[in-house]
Amino acid sequence: MAKKKRKRRKKKSLATAQVKKESFQEKPEVKEKTPLKRQKKFILYAIPFLVVLFGLLFFIVLRPKSEVQRADSLNVIIITLDTLRADRVACYGYDKAKTPRLDELAEKGVKFENAVCQAPLTLPSHASIFTGLYPPSHQIRDNGAYYLDQGFQTLAEIFKEKEYNTAAFIGAFPVDSRFGLDQGFDFYDDKFEEDEKFKAFTSERRAEDVFKSFQEWFLGNFQSKFFVWVHYYDPHLPYDPPSPYREEFSDPYDGEVAYTDFFMGEVIDLLEEKNVFDNTLVVVAGDHGEGLGDHKEIDHGLFLYNTTLKVPLIFCAPRNLPSQKIITFQVRLIDIFPTVLDLLNMSVSADAQGESLIPYMDGKRKDNLVSYIETFHPREMFRWAALRGIVDGKMKYIDAPKPELYDMEMDPKEEHNIYQEEKQVASRLKKDLDGLIEKYSSKSSSRRGLSSEERERLMSLGYVVDSSPSEGESSDFPDPKDKIDVWYTLQVARSLQRRGEDEKAEKLYKKGIEMDPDCSLHYLFLGGLYLKAYRLQEAYDVFKMGTKALPESIPLHDGLAKTSVQMGKYQEALNECEAILTLNDRYFNAISLAGLLYNRMGENEKAIEYLQRAARIEPENKLLLLDYARVLSISGRTEEAIDVYGSLKVHYPKDFRIYQNLGITYGNTGDLEKSIENLKKAIELHPTALAFFNLAVALEKTGRIEEAVRYLKAYLRTTPEGDTARKRMAQKKVAEWEINLNR
Ligand SMILES: [Zn+2]
């Protein structure tokens, strides 16, 4: 910030110097003809003139714009910067930060200095941003196992109804389309790696790639109205900024933040380049912060402290919102939803839980907005108590087994729990909190409890599930504060594993299981470590132990299923898929894996059913669609297979496998010309023995023997060593054909 300000000041004085120079330019002529007295007189006249000139200049150029102008047809871009802790941004007071683009945007718009997220977790927080609802209402309590029900109305859906072009560019798996945030988006780019059959929990891509995808879309769409979400994930663990940020920053988190800031700026530059910036509302927000070791929390999701709750929040619309405006009152991410609608003259539903921030920008409102806060991550992943709390801008109450109360003004770092001293305040806040929970809790849940039938189903698969407490029910789960050492052990093990020190990580994961056998993550990461190292039996044992201890943990069943596949235990893998689908019938990995397993076990109609279901959840998954089309084709449903290949060709015109498989399918239907055309295209992209062989067969059938010989020879050259029936047949055919041709 300091740097930026200095720069700007320099610019201003340069402008002043120019004005002065111009004002006196006519002087030399006068000077030659006139005595000194007249020169003084001129200066005397010039002073009021200059004062007026500077006044005007200030009024036109430098005066902060103060009013809000609502407008019907603004474009909207929401940029979420994942894991960006407010106090690590320069314009939020951190002098080691290099965030010139965020600082600049704040200067051009409205900066909320005290914005809080409602849950310090990626999916729940984004769900709150896009629905304007608290987590008890939208029912997304953690990453990975919840999805936003179709019944909720999202910002994207509202804009789509208003005939905006809607598109989202996603940086990481926690907000993958399968979790339901894609509602209302015409285009939702959540491709992290192209050739990925199963996206991992850790799948992500750099801001640079997210930006490139946005840029490509934007250049074709900026001329019509748009509503866009750009999601940059880089400040999330692991902190691994690319050069030159890696070298420039001693703290890699700061490096990731600076890198992300650069690409946030690229979005703005692109808008300016195409002259749409002035007609666009840009909202930039962190989804949650990061512990960075404060309160012994390294990442986020375990606690409800400011480190992970306070996020940057900036609104900028050059023609419509004030500039250089700083709001210090507490606001919430759920307020983005009604604010955007309010600025665009769209009606805000009476059910909205956030409030429009326009009155703050107009200077008409001056109070803190009370926020409900929660994290269910401790309960979901560790079987520790979920935390819920309330923060009114001055006091924060956290409803934990050991309750906490903080005076945010006196103790912003939340180091002194004054619950014992201020029990009256605490009980007033607890009452308010209970009121909020009562008011906002939804009756339905995207992750309901198990029916007795489902329990029986799990029992038949060898798992005994006890009932976990539902919303509002008290539990005797431990306080996460008391389990911080377990959490810390896990974090250290993970960072060792990321550095490649597997042996040390393995020991710590094992220690973690001993410390707390109810925590799923130790099993999960240890099993993952073994699986990656192809230590299959050990991976199997750990996942098996984990699923027995925690039969409701889907990721553990998932790990056991994948390990079983690698060990050739197909039936067991299928049982694990069934267990997962009993717990969550939308779980993509289990659906698609079950499809592949049925195919391998020869039950193709069942395989098709599952693969079809999986493709509905992840229609952009190329490998899944290739499998789906392949199974259709071998089941004789060639027309359907050809349709799937056809749409794949449109999206992936450079993938040889699509042409190769399509060529073979056409060959089976007897459409030889199409078979030849596609196989030749496949060979052009990437020659394989399989394509050469099938092409030779098709050519032979059309009587083009000379060409067929050429490709059969190519097949023999490229096919792996060793004697096979197909090879012998090919050799025989080549010999026969050559004799015939030479005759
Ligand atoms: Zn996040």
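Residues numbered from 1 in each chain as written. Predicted model: local features only at pLDDT ≥ 70, side-chain atom pairs only at ≥ 80, totals over all residues. Heavy atoms only, no water.

So, about the overall build of the chain. Per the secondary structure count, the chain includes 31 helices and 12 strands. Expressed as a percentage of its 743 residues, the buried residues of the chain come to 55%. Excluding contacts between residues fewer than 6 apart, the proportion of contacts in the chain whose partners are at least 24 apart in sequence is 65%. A total of about 34,200 Å² of accessible surface is found on the chain, and carbon and sulfur atoms cover 51% of it. (Helix = DSSP H or I, 4+ residues; strand = E, 2+ residues; numbered from the N terminus. Buried < 20%, exposed > 50% of the residue type's maximum accessible area, 1.4 Å probe, protein only. Contact = heavy atoms within 4.5 Å. Areas by Shrake-Rupley, 256 points an atom, 1.4 Å probe, with all protein chains shown as cover.)

Surrounding the zinc ion are the protein donor atoms Asp82 (OD), Thr122 (OG1), Asp287 (OD) and His288 (NE2), at 2.0 to 2.1 Å. Around the zinc ion sit four donor atoms; with metal-centred angles ranging over 102 to 117°, the donor geometry is tetrahedral. (Donors = N, O, S within 2.8 Å, 3.2 Å for Na, K, Ca; no water. Tetrahedral: all angles 85-135°; square planar, octahedral: opposite > 155°, others 65-115°.)

Before going further, it helps to examine the nonpolar core. With 147 residues, the main nonpolar core has Phe112 and Leu281 as its most contacted residues. Apart from the residues lying within four places of it in its own chain, the contact partners of Phe112 are Tyr92, Leu313, Phe315, Ile327, Val331, Leu357, Tyr360 and Met361. With 42 residues, the next largest nonpolar core counts Ile79, Tyr245, Val257 and Val267 among its residues. (Core = buried A, V, L, I, M, F, W, Y, C linked by side-chain atoms within 4.5 Å.)

For helix α24 (residues 604–617), built from 14 residues, the straight-helix expectation of 20 Å at 1.5 Å per residue is met to within 8% by its first-to-last C-alpha distance of 20 Å. Those residues of α24 hidden inside the fold are in contact with α22 (570–583), α23 (588–600) and α25 (622–634). (Expected span 1.5 Å × (residues − 1).)

One key point about sheets: their strands pair by backbone hydrogen bonds, in either a parallel or an antiparallel sense. If you trace the eight strands from one edge of the open sheet to the other, you get β4-β3-β5-β1-β6-β7-β2-β8, paired in mixed fashion. Two strands bound the open sheet, and with one partner strand each, they are β4 (187–189) and β8 (325–332). Here the strands of the sheet are splayed against their neighbours by 15° on average, with no regard to which way each runs. Summarising the sheet, strand β1 (residues 75–81) and strand β6 (residues 280–286) pair through seven bridges and their orientation is parallel. Bridge pairing links Ile77 to Val282 in β6. Across the sheet, helix α4 (residues 100–108) lies against β1, β2 (110–116), β6 and β7 (310–316), angled at about 55° from β7, the strand it touches most. (Pairing = 2+ DSSP bridges. Axes fitted to C-alpha atoms, helices over the stretch in contact; angles between N-to-C directions.)

Here we come to the environment of Ile580. Assignment of secondary structure puts Ile580 in helix α22. Taking the C-alpha atoms as reference points, Ile580 and Leu458, 122 residues apart in sequence, are found 9.1 Å from one another. Once residues within four sequence positions are removed from consideration, Ile580 is found in contact with Ile554, His557, Asp558, Tyr587 and Ala590.

Attention now goes to the packing of helix α21 (residues 554–566) against α23. The contact between α21 and α23 brings their axes to 11 Å, and the two run at 25°. Between α21 and α23, the crossing angle belongs to the class labelled roughly parallel. You can see that α21 and α23 cross each other, and the crossing is left-handed. Residues Asp558, Ala561, Lys562 and Val565 of α21 lie in contact with α23, whose contacting residues are Asn589, Leu593, Leu597 and Arg600. Split by residue class, the contact of α21 with α23 holds four nonpolar, one polar and three charged. (Parallel < 35°, antiparallel > 145°, perpendicular 65-115°, else oblique. Left-handed = near helix turned anticlockwise from the far one by under 90°. Nonpolar A, V, L, I, M, F, W, Y, C, P; charged D, E, K, R; others polar.)

On to the packing of helix α20 (residues 536–549) against α21. At a minimum axis separation of 9 Å, α20 and α21 run at an interaxial angle of 150°. One element, α20, and the other, α21, form an angle in the roughly antiparallel class. When you trace α20 past α21, the crossing you get is left-handed. Here Leu536, Ala539, Tyr540, Phe543, Lys544, Gly546 and Thr547 of α20 lie close against α21, whose contacting residues are Leu556, His557, Gly559, Leu560, Thr563, Ser564 and Gln566. In the contact of α20 with α21, the residues fall into six nonpolar, seven polar and one charged.

Moving on, we come to the confidence of the model for the chain. On average, the chain scores 88 in pLDDT, and the residues at 70 or more come to 88%. Between residues 1–36, whose pLDDT stays under 50, and residues either more than four places distant or in other chains, the model counts 17 contacts. (pLDDT = per-residue confidence, 0-100.)

Applying the stated criterion across every chain yields a total of 51 salt bridges. Here Glu501 and Arg499 are joined by a salt bridge, their closest N and O atoms 3.4 Å apart. You can call Arg499 exposed: its relative accessible area is 57%. Between Arg637 and Glu605 there is a salt bridge, and its shortest N-O distance comes to 2.7 Å. (Salt bridge = Lys/Arg side-chain N within 4 Å of Asp/Glu carboxyl O.)

A few words on unusual backbone geometry. Look at the link from Leu237 to Pro238: it is a cis peptide, with omega at -5°. Relative to the helices and strands, Pro238 is located in the loop between β5 (226–232) and α9 (245–248). Residue Ser243 is joined to Pro244 through a cis peptide bond whose omega torsion reads 0°. Here Pro244 lies in the loop between β5 and α9. In this structure, Gln139 is a non-glycine residue whose phi angle is positive, near 70°. Checked against the element boundaries, Gln139 lands in the loop between α6 (135–138) and α7 (155–161). Phi at Lys296 takes a positive value of approximately 65°, unusual for a residue other than glycine.

A few words now on helix α8 (residues 207–221). Compared with the 21 Å implied by 1.5 Å per residue over 15 residues, the 20 Å span of α8 between its first and last C-alpha is a close match. Looking at α8, one finds that the buried residues are Ala207, Val210, Phe211, Ser213, Phe214, Trp217 and Phe218. The buried residues of α8 occupy one face: seen down the axis, they fall within an arc of 160°. In α8, the exposed positions angled more than 90 degrees off the buried face are occupied by Glu216 and Gly220. Tucked inside the fold, the buried residues of α8 contact β1, β3 (165–169), β4, β5 and α10 (252–273). (Arc of directions from axis to C-beta.)

Tallied over the entire structure, the rule returns 33 aromatic pairs. On the basis of an interplanar angle of 85° and a centroid distance of 5.3 Å, the ring pair of Phe173 and Phe179 is categorised as edge-to-face. Across the pair, Phe179 and Phe173 agree in class, each one buried. An aromatic cluster is built from Phe169, Phe187, Phe211, Phe214, Trp217, Phe218, Phe222, Phe226, Tyr245, Tyr259, Phe262 and Phe263, whose rings are joined through pairwise contacts. Across from the ring centre of Phe376, 4.1 Å away, lies the NZ or CZ of Arg141, which sits over that ring. One Lys or Arg, Arg726, reaches over the ring of Phe693 and ends 4.2 Å from the middle of that ring. (Phe/Tyr/Trp six-rings, centres within 6.5 Å; stacked < 30°, edge-to-face > 60°. Lys NZ or Arg CZ within 6 Å of the ring centre and 35° of its normal.)

This brings us to the sheet that holds strand β9 (residues 371–375). Taken together, four strands build an open sheet; the order of strands is β9-β10-β11-β12 and the sheet is antiparallel. Lying at the two open borders of the sheet, with one neighbouring strand each, are β9 and β12 (404–407). Within the sheet, the average angular offset between the axes of one strand and its neighbour, ignoring direction, is 15°. Relative to strand β11 (residues 395–399), helix α15 (residues 423–440) is tilted by about 70°, and along the sheet it contacts β9, β10 (387–391), β11 and β12.

Turning to the side chain of Thr307, a few remarks are in order. With respect to the helices, strands and loops of the structure, Thr307 is situated in helix α11 (residues 306–309). You can call Thr307 buried: its relative accessible area is 9%.

Right, let's talk about the pairing of β11 for a bit. Extensive coverage of β11 is indicated by the burial of four of its five residues. The pairing of β10 with β11 spans four bridges and is classified as antiparallel. Residue pairing in the sheet places Val391 in a bridge with Lys396 of β11. Where β10 hands over to β11, the hairpin turn is made up of three residues, of which Gly393 adopts a positive phi near 95°. Across four bridges, β11 lies against β12 in antiparallel orientation. For Lys396, the partnering residue across the bridge sits in β12 and is Tyr406.

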